[in-house]
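What follows is each chain in one-letter form.
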Amino acid sequence: MEPEAQSGQTGAPAPCALFLAFLSIALSGFGGVLPWARRMLVDNKAWLTPEAFNETLALCQSLPGPNIVNMSIVVGSRFAGARGALAAFAGLTGAPVVIVLVLGLLYGHFGALPRLQGAILGLGAAASGLVAATAAKMATPLLRRRPLLAAPFMVLAFAGVGLLHFPLPWVLLALAPISVAAAWRWRE
């Protein structure tokens, strides 16, 4: 799909804009950037529609490597070719590498402090909330288009992984063929 068809915009972002957008994503959501990536690419910049974001994420999940790194490369490449992919990747990974090195040194020195351990626990809770909110936003287009088809599979996946603690790959292997068959049959 062409960039214009995904966003409704006529001009594609330049590599510099891609670098700055992914740098902002990396610095905003350190440790869990998917919510920030969606906000930046869909809500703030409108470079992707919600549907295009979901489709791109699905592609990135099927590729080896971290999803968000794959997303930076795919989005950068779609809009500005190899230079855009390199710029988006550098924006996403450059600053966090430096930050991790500095934090590692600081944690080695101050990691045993109880207040620091409490702060890290609080950050984990906030990150969990962001992931849940992003999942809800990503589910909305699916539920609007085909609520009777999408909802049961979402509930089954949540029950299998979240409540029954089945391994995610097994749940996906069980539900994927059934959901694809149901979607195929629904289109007829």
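Here the residue index of a chain counts from 1 through its sequence in written order. Predicted model: local features are reported for residues with pLDDT of at least 70 only, side-chain atom pairs are reported and counted for 80 or more only, and whole-chain, interface and lining totals are derived from all residues. With hydrogens and water stripped out, all remaining heavy atoms of the structure feed into the side-chain values.

Novice: Looking at this model, I keep getting lost on the confidence of the model for the protein. Mind explaining?
Specialist: Low-confidence regions, as indicated by low pLDDT, have predicted coordinates that should not be scrutinised in detail. In predicted models, pLDDT denotes the confidence assigned by the predictor to each residue on a 0 to 100 scale. Averaged over every residue, the pLDDT of the protein is 87; residues scoring 70 or more account for 93%. By definition, residues are in contact when any of their heavy atoms lie within 4.5 Å. Scored below 50 in pLDDT, residues 1-5 shows seven contacts in the model against residues more than four places distant or in partner chains.

Novice: Help me understand helix H6 (residues 114-145), please; the structure alone is not making it clear to me.
Specialist: Within an α-helix, residues lying three or four positions from one another point in the same direction, as the helix has 3.6 residues per turn. Per the convention used, a helix needs a DSSP run of H or I reaching at least four residues, while a strand needs a run of E reaching at least two, with both numbered from the N terminus. One less than the residue count of a helix, multiplied by 1.5 Å, gives the span that helix is expected to have. For H6, spanning 32 residues, the distance from its first C-alpha to its last is 48 Å, which sits close to the expected 46 Å at 1.5 Å a residue. When the local axis directions of H6 are compared, the greatest deviation, roughly 30°, occurs at Ala139, which is followed within four positions by the proline Pro141. Looking at the buried side of H6, the elements it contacts are helix H3 (34-44), helix H4 (50-62) and helix H7 (147-163). Throughout, the bend at a residue refers to the angle made by two axes, fitted to the seven residues ending there and to the seven starting there.

Novice: When you look at a nonpolar patch on the surface in this model, what are you seeing that I'm missing?
Specialist: Only residues whose relative accessible area exceeds 30% and that take part in no salt bridge are eligible for patches, with like-charged residues grouped when within 9 Å of each other and nonpolar side chains (Val, Leu, Ile, Met, Phe, Trp, Tyr) grouped when within 5 Å. Accessible surface is estimated by sampling points in the Shrake-Rupley manner with a 1.4 Å probe; for residues, cover comes only from the protein chains shown. By convention in these notes, a salt bridge is any Lys or Arg side-chain nitrogen within 4 Å of a carboxyl oxygen on Asp or Glu. Taken together, Leu27, Val98, Ile99, Val102, Leu103, Leu106, Phe110 and Leu113 make up a surface patch of nonpolar side chains, about 680 Å² in accessible area. Top contributing element to the nonpolar patch by residue count: helix H5 (residues 67-110), with six residues. Its place among the elements puts Val98 in helix H5.

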